[in-house]
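# A structural walkthrough
Below are the chains, spelled out letter by letter.
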Amino acid sequence: MYDGGKIIPGLLVFLFLITSPAWYNVVTGRADYRPEPQLPSDQKECVKSTPYMKAFHMDLLNQWRDDVVRRGARVYGTVGGQTYDKSLSNTCLSCHANKAEFCDRCHNYLGVKPYCWDCHVERKEKS
Amino acid sequence: MGVDRREFLKIAGLSTLLGLGGKGALEVLSGKEAEASLQAEPQGGVRYAMVVDMRKCLERENCHDCMEACHREHNVPRMDNPRHEIKWIWTEPYEHAFPGQGHEYTEERLLGKPFVVLCNHCDNPPCVRVCPTKATFRTPEGIVMMDFHRCIGCRFCMAGCPYGSRSFNWKDPRKYIPETNPDFPTRMRGVVEKCNFCAERLVKGLPPACVAACKEGALVFGNVRDPESDVRRVLRENFTIRRKPELGTLPQVYYIV
(Lines give C-alpha, C1' and ligand atoms only; values in the text may rest on other atoms or scores of the structure.)
Protein backbone atom coordinates (compact mmCIF):
# COMPACT_ATOMS: atom_id res chain seq x y z
CA MET A 1 0.00 0.00 0.00
CA TYR A 2 1.38 3.39 -0.95
CA ASP A 3 1.39 5.92 1.87
CA GLY A 4 -0.04 3.38 4.28
CA GLY A 5 1.60 5.29 7.11
CA LYS A 6 -0.66 8.24 6.40
CA ILE A 7 -3.82 6.49 5.27
CA ILE A 8 -4.28 4.15 8.24
CA PRO A 9 -3.76 6.79 10.97
CA GLY A 10 -5.93 9.10 8.87
CA LEU A 11 -8.72 6.55 8.80
CA LEU A 12 -8.40 6.02 12.55
CA VAL A 13 -8.67 9.75 13.16
CA PHE A 14 -11.67 9.89 10.84
CA LEU A 15 -13.38 7.01 12.70
CA PHE A 16 -12.71 8.67 16.02
CA LEU A 17 -14.09 12.00 14.84
CA ILE A 18 -17.21 10.52 13.34
CA THR A 19 -17.98 8.56 16.50
CA SER A 20 -16.97 11.41 18.78
CA PRO A 21 -20.56 12.35 19.79
CA ALA A 22 -20.96 8.81 21.15
CA TRP A 23 -17.63 9.06 23.01
CA TYR A 24 -18.61 12.45 24.34
CA ASN A 25 -21.81 11.00 25.80
CA VAL A 26 -19.93 8.07 27.35
CA VAL A 27 -17.33 10.36 28.93
CA THR A 28 -19.85 12.88 30.26
CA GLY A 29 -22.16 10.11 31.49
CA ARG A 30 -25.06 11.17 29.27
CA ALA A 31 -25.14 7.94 27.26
CA ASP A 32 -28.10 6.58 29.18
CA TYR A 33 -29.98 9.89 29.17
CA ARG A 34 -33.74 9.51 28.74
CA PRO A 35 -36.09 12.43 28.39
CA GLU A 36 -38.54 12.58 31.26
CA PRO A 37 -41.78 14.24 30.33
CA GLN A 38 -43.52 15.66 33.32
CA LEU A 39 -46.69 13.72 34.07
CA PRO A 40 -49.70 15.38 35.61
CA SER A 41 -49.73 14.92 39.36
CA ASP A 42 -53.49 15.05 39.88
CA GLN A 43 -54.53 12.60 37.14
CA LYS A 44 -53.80 8.89 37.11
CA GLU A 45 -55.58 7.65 34.01
CA CYS A 46 -55.09 8.65 30.38
CA VAL A 47 -57.50 7.85 27.55
CA LYS A 48 -55.26 4.87 26.69
CA SER A 49 -52.54 2.93 28.49
CA THR A 50 -49.13 4.50 28.95
CA PRO A 51 -47.25 2.07 26.64
CA TYR A 52 -49.84 2.67 23.92
CA MET A 53 -49.64 6.42 24.31
CA LYS A 54 -45.84 6.33 24.28
CA ALA A 55 -45.75 4.46 21.01
CA PHE A 56 -48.88 5.59 19.19
CA HIS A 57 -50.05 8.97 20.53
CA MET A 58 -49.44 10.49 17.11
CA ASP A 59 -51.68 7.91 15.46
CA LEU A 60 -54.37 8.53 18.04
CA LEU A 61 -54.16 12.27 17.43
CA ASN A 62 -54.41 11.79 13.67
CA GLN A 63 -57.40 9.53 14.21
CA TRP A 64 -59.03 12.13 16.45
CA ARG A 65 -58.33 14.84 13.91
CA ASP A 66 -60.06 12.92 11.13
CA ASP A 67 -62.94 11.87 13.35
CA VAL A 68 -63.65 15.39 14.54
CA VAL A 69 -63.13 17.36 11.35
CA ARG A 70 -64.37 14.97 8.72
CA ARG A 71 -66.80 12.67 10.52
CA GLY A 72 -68.11 15.05 13.16
CA ALA A 73 -67.53 12.43 15.87
CA ARG A 74 -66.26 14.67 18.63
CA VAL A 75 -66.74 12.56 21.74
CA TYR A 76 -64.09 9.96 22.47
CA GLY A 77 -65.87 8.12 25.23
CA THR A 78 -65.68 7.54 28.93
CA VAL A 79 -62.54 6.68 30.81
CA GLY A 80 -62.70 6.24 34.56
CA GLY A 81 -66.15 7.80 34.79
CA GLN A 82 -65.21 10.90 32.83
CA THR A 83 -66.27 11.64 29.26
CA TYR A 84 -63.63 13.02 26.96
CA ASP A 85 -63.86 15.06 23.79
CA LYS A 86 -61.42 14.37 21.00
CA SER A 87 -59.46 17.55 21.37
CA LEU A 88 -55.76 18.25 21.59
CA SER A 89 -56.07 21.70 23.13
CA ASN A 90 -59.03 20.95 25.35
CA THR A 91 -58.58 17.29 26.37
CA CYS A 92 -54.87 16.46 26.20
CA LEU A 93 -53.71 19.82 27.44
CA SER A 94 -56.23 19.97 30.25
CA CYS A 95 -54.13 17.35 32.07
CA HIS A 96 -50.78 17.78 30.33
CA ALA A 97 -50.96 21.49 30.88
CA ASN A 98 -47.35 22.30 30.30
CA LYS A 99 -46.38 21.69 26.71
CA ALA A 100 -42.71 22.61 27.29
CA GLU A 101 -42.33 20.04 30.04
CA PHE A 102 -44.44 17.30 28.47
CA CYS A 103 -44.51 17.36 24.68
CA ASP A 104 -41.31 19.23 24.01
CA ARG A 105 -39.02 17.17 26.22
CA CYS A 106 -39.28 14.05 24.06
CA HIS A 107 -39.81 15.87 20.80
CA ASN A 108 -36.69 17.97 21.26
CA TYR A 109 -34.63 14.94 22.29
CA LEU A 110 -35.71 13.06 19.18
CA GLY A 111 -35.52 16.09 16.93
CA VAL A 112 -39.16 15.84 15.77
CA LYS A 113 -41.05 18.99 15.04
CA PRO A 114 -44.78 18.27 14.93
CA TYR A 115 -46.75 21.11 13.35
CA CYS A 116 -49.68 20.84 15.78
CA TRP A 117 -48.81 24.15 17.43
CA ASP A 118 -48.71 26.13 14.21
CA CYS A 119 -52.47 26.35 14.62
CA HIS A 120 -53.61 24.74 17.87
CA VAL A 121 -53.32 27.05 20.80
CA GLU A 122 -51.07 26.17 23.67
CA ARG A 123 -52.85 26.82 26.94
CA LYS A 124 -51.02 29.25 29.10
CA GLU A 125 -52.72 28.54 32.41
CA LYS A 126 -54.01 25.28 33.77
CA SER A 127 -57.77 25.08 33.52
CA MET B 1 -82.57 -19.88 -39.51
CA GLY B 2 -83.86 -19.23 -35.97
CA VAL B 3 -83.50 -15.42 -36.08
CA ASP B 4 -85.76 -13.38 -38.31
CA ARG B 5 -85.10 -9.86 -39.51
CA ARG B 6 -87.11 -8.21 -36.70
CA GLU B 7 -85.38 -10.25 -33.98
CA PHE B 8 -81.97 -9.46 -35.46
CA LEU B 9 -82.61 -5.69 -35.46
CA LYS B 10 -83.76 -5.82 -31.82
CA ILE B 11 -80.61 -7.62 -30.71
CA ALA B 12 -78.37 -5.34 -32.80
CA GLY B 13 -80.03 -2.22 -31.40
CA LEU B 14 -79.73 -3.31 -27.79
CA SER B 15 -76.10 -4.36 -28.24
CA THR B 16 -75.25 -0.98 -29.79
CA LEU B 17 -76.90 0.78 -26.87
CA LEU B 18 -75.03 -1.34 -24.37
CA GLY B 19 -71.77 -0.85 -26.26
CA LEU B 20 -72.14 2.92 -26.35
CA GLY B 21 -73.43 3.68 -22.90
CA GLY B 22 -73.02 0.51 -20.90
CA LYS B 23 -75.58 -0.31 -18.24
CA GLY B 24 -75.99 3.39 -17.43
CA ALA B 25 -77.63 4.09 -20.79
CA LEU B 26 -80.37 1.60 -20.08
CA GLU B 27 -80.99 3.13 -16.65
CA VAL B 28 -81.24 6.66 -18.06
CA LEU B 29 -83.64 5.51 -20.78
CA SER B 30 -85.78 3.64 -18.29
CA GLY B 31 -86.68 7.09 -16.89
CA LYS B 32 -86.01 6.42 -13.22
CA GLU B 33 -83.12 8.85 -12.93
CA ALA B 34 -84.95 11.64 -14.70
CA GLU B 35 -87.85 11.23 -12.30
CA ALA B 36 -85.57 11.24 -9.27
CA SER B 37 -83.98 14.54 -10.26
CA LEU B 38 -87.40 16.17 -10.41
CA GLN B 39 -88.25 15.18 -6.88
CA ALA B 40 -88.05 17.78 -4.16
CA GLU B 41 -85.30 18.07 -1.53
CA PRO B 42 -85.35 14.98 0.66
CA GLN B 43 -87.43 15.39 3.77
CA GLY B 44 -86.19 14.61 7.25
CA GLY B 45 -82.66 14.82 8.55
CA VAL B 46 -80.80 18.05 9.14
CA ARG B 47 -79.89 20.78 6.67
CA TYR B 48 -78.72 24.03 8.21
CA ALA B 49 -79.59 27.35 6.64
CA MET B 50 -79.73 31.00 7.63
CA VAL B 51 -82.07 33.87 6.96
CA VAL B 52 -80.73 37.43 7.23
CA ASP B 53 -83.52 39.90 7.90
CA MET B 54 -82.00 43.08 6.48
CA ARG B 55 -85.00 45.15 7.59
CA LYS B 56 -83.97 44.51 11.19
CA CYS B 57 -80.24 44.59 10.47
CA LEU B 58 -80.32 48.00 8.81
CA GLU B 59 -82.04 49.52 11.80
CA ARG B 60 -78.63 49.59 13.46
CA GLU B 61 -76.35 50.27 10.57
CA ASN B 62 -73.10 50.65 12.51
CA CYS B 63 -73.57 47.52 14.58
CA HIS B 64 -70.84 44.92 14.18
CA ASP B 65 -71.84 42.56 16.97
CA CYS B 66 -72.15 39.49 14.75
CA MET B 67 -68.78 40.06 13.11
CA GLU B 68 -67.00 40.74 16.36
CA ALA B 69 -68.49 37.65 18.00
CA CYS B 70 -67.49 35.47 15.05
CA HIS B 71 -63.97 36.81 14.85
CA ARG B 72 -63.45 36.40 18.58
CA GLU B 73 -64.81 32.87 18.53
CA HIS B 74 -62.71 31.72 15.59
CA ASN B 75 -59.48 33.67 16.09
CA VAL B 76 -59.96 35.60 12.88
CA PRO B 77 -57.03 38.00 12.45
CA ARG B 78 -57.50 41.70 11.86
CA MET B 79 -55.10 42.57 9.05
CA ASP B 80 -53.77 46.09 8.49
CA ASN B 81 -53.50 45.65 4.73
CA PRO B 82 -56.94 45.27 3.11
CA ARG B 83 -55.42 42.91 0.54
CA HIS B 84 -54.59 40.48 3.34
CA GLU B 85 -58.03 40.70 4.91
CA ILE B 86 -59.53 37.52 6.35
CA LYS B 87 -63.30 37.40 5.98
CA TRP B 88 -65.73 35.06 7.70
CA ILE B 89 -68.69 37.40 8.03
CA TRP B 90 -68.52 40.93 6.70
CA THR B 91 -70.58 43.57 4.86
CA GLU B 92 -70.92 44.38 1.19
CA PRO B 93 -72.93 47.21 -0.35
CA TYR B 94 -76.31 45.99 -1.58
CA GLU B 95 -75.43 46.31 -5.26
CA HIS B 96 -72.25 44.26 -4.76
CA ALA B 97 -73.93 41.57 -2.71
CA PHE B 98 -76.73 41.29 -5.29
CA PRO B 99 -75.18 42.37 -8.59
CA GLY B 100 -78.21 41.32 -10.60
CA GLN B 101 -80.63 43.28 -8.47
CA GLY B 102 -79.34 46.84 -8.54
CA HIS B 103 -80.29 49.26 -11.29
CA GLU B 104 -79.98 52.97 -11.85
CA TYR B 105 -83.20 53.65 -9.97
CA THR B 106 -82.51 51.33 -7.02
CA GLU B 107 -84.43 52.54 -4.01
CA GLU B 108 -82.53 54.60 -1.50
CA ARG B 109 -83.46 52.28 1.32
CA LEU B 110 -81.08 49.69 -0.16
CA LEU B 111 -78.56 51.48 -2.36
CA GLY B 112 -75.07 51.26 -0.87
CA LYS B 113 -76.39 49.82 2.38
CA PRO B 114 -74.10 47.33 4.16
CA PHE B 115 -75.45 43.83 3.72
CA VAL B 116 -74.18 41.14 6.05
CA VAL B 117 -72.60 38.41 3.94
CA LEU B 118 -70.95 35.11 4.80
CA CYS B 119 -70.32 31.73 3.25
CA ASN B 120 -73.59 30.57 1.68
CA HIS B 121 -72.97 26.89 2.45
CA CYS B 122 -74.22 26.05 -1.02
CA ASP B 123 -75.97 22.82 -1.85
CA ASN B 124 -73.86 22.69 -5.00
CA PRO B 125 -70.62 24.28 -3.81
CA PRO B 126 -68.06 25.03 -6.54
CA CYS B 127 -65.29 25.30 -3.95
CA VAL B 128 -65.78 21.67 -2.95
CA ARG B 129 -65.73 20.55 -6.57
CA VAL B 130 -62.44 22.28 -7.38
CA CYS B 131 -60.49 21.44 -4.22
CA PRO B 132 -57.71 19.06 -5.31
CA THR B 133 -57.05 17.66 -1.82
CA LYS B 134 -60.67 17.43 -0.64
CA ALA B 135 -59.74 19.78 2.18
CA THR B 136 -63.14 21.39 1.60
CA PHE B 137 -66.11 19.09 1.86
CA ARG B 138 -69.79 19.03 2.71
CA THR B 139 -70.95 17.55 5.97
CA PRO B 140 -74.20 15.52 6.05
CA GLU B 141 -75.86 18.61 7.59
CA GLY B 142 -74.97 20.63 4.50
CA ILE B 143 -72.18 22.67 6.06
CA VAL B 144 -69.33 23.41 3.68
CA MET B 145 -66.40 22.68 5.96
CA MET B 146 -62.68 23.12 5.73
CA ASP B 147 -60.13 20.66 6.97
CA PHE B 148 -57.30 23.10 7.55
CA HIS B 149 -54.90 20.18 8.00
CA ARG B 150 -55.34 19.20 4.39
CA CYS B 151 -55.37 22.62 2.75
CA ILE B 152 -52.33 23.13 0.56
CA GLY B 153 -53.11 26.76 -0.16
CA CYS B 154 -53.64 26.41 -3.91
CA ARG B 155 -56.58 28.86 -3.79
CA PHE B 156 -58.62 27.02 -6.41
CA CYS B 157 -61.57 27.31 -4.03
CA MET B 158 -61.16 31.08 -3.91
CA ALA B 159 -61.32 31.17 -7.69
CA GLY B 160 -64.32 28.84 -7.60
CA CYS B 161 -66.37 30.70 -5.00
CA PRO B 162 -68.56 33.32 -6.67
CA TYR B 163 -69.22 35.08 -3.36
CA GLY B 164 -65.66 35.88 -2.24
CA SER B 165 -66.34 33.96 0.94
CA ARG B 166 -62.83 32.58 1.17
CA SER B 167 -59.66 34.26 2.32
CA PHE B 168 -56.05 33.29 2.06
CA ASN B 169 -53.55 33.73 4.86
CA TRP B 170 -50.78 35.62 3.14
CA LYS B 171 -49.08 36.23 6.48
CA ASP B 172 -48.89 34.36 9.76
CA PRO B 173 -52.27 35.32 11.23
CA ARG B 174 -51.26 34.80 14.85
CA LYS B 175 -49.66 38.21 15.13
CA TYR B 176 -52.90 39.88 14.08
CA ILE B 177 -55.33 38.19 16.47
CA PRO B 178 -56.29 40.72 19.12
CA GLU B 179 -57.35 38.14 21.69
CA THR B 180 -56.79 34.41 21.17
CA ASN B 181 -59.60 32.03 22.01
CA PRO B 182 -57.85 28.86 23.23
CA ASP B 183 -60.87 26.67 22.42
CA PHE B 184 -60.50 27.15 18.68
CA PRO B 185 -57.30 26.76 16.66
CA THR B 186 -55.77 29.59 14.71
CA ARG B 187 -54.62 29.09 11.15
CA MET B 188 -51.13 29.16 9.73
CA ARG B 189 -49.69 31.01 6.78
CA GLY B 190 -50.60 29.53 3.40
CA VAL B 191 -54.06 28.21 4.32
CA VAL B 192 -57.47 29.27 3.07
CA GLU B 193 -60.22 29.87 5.60
CA LYS B 194 -63.89 30.75 5.71
CA CYS B 195 -67.08 30.60 7.76
CA ASN B 196 -67.87 27.11 9.10
CA PHE B 197 -71.44 27.88 10.29
CA CYS B 198 -69.96 27.34 13.77
CA ALA B 199 -69.92 23.56 13.35
CA GLU B 200 -68.05 23.34 16.66
CA ARG B 201 -70.89 25.17 18.45
CA LEU B 202 -73.70 23.31 16.71
CA VAL B 203 -72.50 19.96 18.08
CA LYS B 204 -72.84 21.42 21.56
CA GLY B 205 -76.39 22.53 20.78
CA LEU B 206 -75.46 26.21 20.61
CA PRO B 207 -76.50 28.53 17.76
CA PRO B 208 -73.74 30.07 15.60
CA ALA B 209 -71.84 32.87 17.33
CA CYS B 210 -73.18 35.55 14.96
CA VAL B 211 -76.77 34.48 15.55
CA ALA B 212 -76.28 34.45 19.32
CA ALA B 213 -74.66 37.88 19.21
CA CYS B 214 -77.34 39.64 17.14
CA LYS B 215 -79.51 41.67 19.49
CA GLU B 216 -81.98 42.60 16.76
CA GLY B 217 -82.75 38.97 15.97
CA ALA B 218 -81.92 39.70 12.35
CA LEU B 219 -80.12 36.39 11.88
CA VAL B 220 -82.34 33.31 11.93
CA PHE B 221 -80.63 29.94 11.86
CA GLY B 222 -81.98 26.43 11.83
CA ASN B 223 -82.84 23.22 10.10
CA VAL B 224 -84.70 23.79 6.83
CA ARG B 225 -85.73 20.16 6.65
CA ASP B 226 -87.88 20.67 9.72
CA PRO B 227 -91.13 22.39 8.66
CA GLU B 228 -91.67 23.65 12.22
CA SER B 229 -88.26 25.32 12.57
CA ASP B 230 -87.75 29.07 12.85
CA VAL B 231 -86.01 29.36 9.50
CA ARG B 232 -88.83 27.58 7.74
CA ARG B 233 -91.40 29.79 9.43
CA VAL B 234 -89.49 32.93 8.38
CA LEU B 235 -89.04 31.59 4.85
CA ARG B 236 -92.73 30.74 4.65
CA GLU B 237 -93.89 34.16 5.77
CA ASN B 238 -91.48 36.43 3.88
CA PHE B 239 -90.23 37.06 0.39
CA THR B 240 -86.56 36.12 0.36
CA ILE B 241 -83.75 36.44 -2.16
CA ARG B 242 -80.43 34.64 -2.43
CA ARG B 243 -77.08 35.83 -3.72
CA LYS B 244 -76.43 35.03 -7.39
CA PRO B 245 -78.96 32.18 -7.63
CA GLU B 246 -78.51 32.14 -11.42
CA LEU B 247 -75.15 30.40 -10.95
CA GLY B 248 -76.84 27.25 -9.71
CA THR B 249 -74.81 26.97 -6.53
CA LEU B 250 -78.03 26.73 -4.47
CA PRO B 251 -76.91 29.05 -1.65
CA GLN B 252 -78.49 28.44 1.74
CA VAL B 253 -78.29 31.95 3.14
CA TYR B 254 -81.52 33.82 2.43
CA TYR B 255 -82.12 37.55 2.62
CA ILE B 256 -85.25 39.50 3.48
CA VAL B 257 -84.75 42.96 1.95
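Throughout, residues of each chain are indexed from 1 in the direction in which the sequence is written. Each chain gets a letter, beginning with A, and each ligand a number, beginning with 1, in the order they are written. With pLDDT at 70 or above as the cut-off, local features in this predicted model cover only qualifying residues; side-chain atom pairs require 80 or more to be listed or tallied, and sums for whole chains, interfaces and linings still use all residues. Side-chain figures throughout are based on the complete set of non-hydrogen atoms in the structure, without hydrogens or water.

Let us now look at the overall build of chain A. For helices the rule is a DSSP run of H or I covering at least 4 residues; for strands it is a run of E covering at least 2, with both sets numbered from the N terminus onward. The helix and strand tally for chain A stands at six helices and two strands. Of the regular secondary structure in chain A, the N- to C-terminal order runs α-α-α-β-β-α-α-α. Only C-alpha atoms enter the radius of gyration, while the globule expectation follows 2.2 Å times N to the 0.38, with N the number of residues. Expected size for 127 residues packed as a compact globule is a radius of gyration near 14 Å; at 22 Å, chain A overshoots this value by more than 25%. Any residue under 20% of the maximum accessible area for its type is buried, any over 50% is exposed, and the rest in between are partly exposed; the area is computed with a 1.4 Å probe on protein chains only. Looking at chain A as a whole, 24% of its 127 residues qualify as buried. Relative to all contacts within chain A whose residues are 6 or more apart in sequence, the contacts with residues 24 or more apart total 56%. By definition, residues are in contact when any of their heavy atoms lie within 4.5 Å.

The subject of this paragraph is the nonpolar core. Residue and element names in this part refer to chain B. In terms of nonpolar packing, the biggest core is built from 42 residues, with M50, V52, I89, F115, L118, F197 and Y255 touching the most fellow members. Top element by residues in this core is strand β3 (residues 114-118). It accounts for four residues. When neighbours within four sequence positions are excluded, I89 is seen to be in contact with C66, M67, C70, H71, V116, V117, L118 and C210. Residues belong to one nonpolar core when they are buried, are Ala, Val, Leu, Ile, Met, Phe, Trp, Tyr or Cys, and are joined through side-chain atoms within 4.5 Å.

Residue and element names in this part refer to chain A. At their nearest, the axes of helix α1 (residues 4-18) and helix α2 (residues 20-28) sit 4 Å apart, and the two run at 60 degrees to each other. Classified by the angle their axes make, α1 and α2 are oblique. Judged by residue contacts, F16, L17 and I18 of α1 engage S20, P21 and W23 from α2. Only Asp, Glu, Lys and Arg are considered charged, only Ala, Val, Leu, Ile, Met, Phe, Trp, Tyr, Cys and Pro nonpolar, and every remaining residue, Gly among them, polar. Within the contact of α1 with α2, the residues separate by chemical class into five nonpolar, one polar and no charged. The axes used here are C-alpha line fits, helices contributing only the stretch in contact, and every angle between their N-to-C directions lies in the interval 0 to 180 degrees. Oblique is the label for every angle not falling under 35 degrees (roughly parallel), over 145 degrees (roughly antiparallel), or within 65 to 115 degrees (roughly perpendicular).

Moving on, we get to a nonpolar patch on the surface. All names here are of chain A. Patch construction takes residues with relative accessible area above 30% that form no salt bridge. Like charges are linked within 9 Å, and nonpolar side chains (Val, Leu, Ile, Met, Phe, Trp, Tyr) are linked within 5 Å. A 1.4 Å probe and the Shrake-Rupley method give the accessible areas. Residues count as covered only by the protein chains that appear here. In the sections that follow, a salt bridge refers to a side-chain nitrogen of Lys or Arg positioned within 4 Å of a carboxyl oxygen of Asp or Glu. Residues M1, I7, I8, L11, L12, F14, L15 and I18 make up a contiguous nonpolar surface patch of about 870 Å² in total accessible area. On the secondary structure map, I7 appears in helix α1. Overall, the relative accessible area of 40% leaves I7 in the partly exposed class.

Another aspect to go through is the state of the cysteines. All names here are of chain B. A pair of cysteine sulfur atoms is labelled a disulfide when the two atoms are within 2.5 Å. Taken as a whole, this structure holds zero disulfides over all chains when the rule is applied. Cysteine C210 is unpaired, with the sulfur of C198 as its nearest cysteine sulfur at 6.0 Å. Residue classification places C210 among the buried residues on the basis of a relative accessible area of 7%.

Residue and element names in this part refer to chain B. With respect to burial, strand β8 (residues 219-223) is a largely interior element, five of its five residues being buried. Any two strands between which DSSP finds at least two bridges are classified as paired. Pairing of strand β1 (residues 48-53) with β8, which is carried by five bridges, proceeds in the antiparallel orientation. Each residue of the ladder has a partner; that of A49, found in β8, is G222.

Attention now goes to the side chain of B:T133. All names here are of chain B. Within the fold, T133 resides in the loop between α6 (126-130) and β4 (136-138). Relative accessible area serves as the criterion here: at 19%, T133 is assigned to the buried category. Excluding its chain neighbours within four sequence positions, the residues that come into contact with T133 are R150 and I152.

Residues and elements named next belong to chain B. Residue placement: R187 occurs in the loop between β6 (167-168) and β7 (192-193). The exposure class of R187 is buried, given its relative accessible area of 1%. Polar contacts here mean pairs of N or O atoms no more than 3.5 Å apart (in protein, one a potential hydrogen donor and the other a potential acceptor; neighbouring residues in sequence count only if both atoms are side-chain atoms). Here the side chain of R187 touches H74 through a polar contact of 2.7 Å, landing on its backbone oxygen. A polar side-chain atom of R187 sits 3.0 Å from the main-chain carbonyl oxygen of P185.

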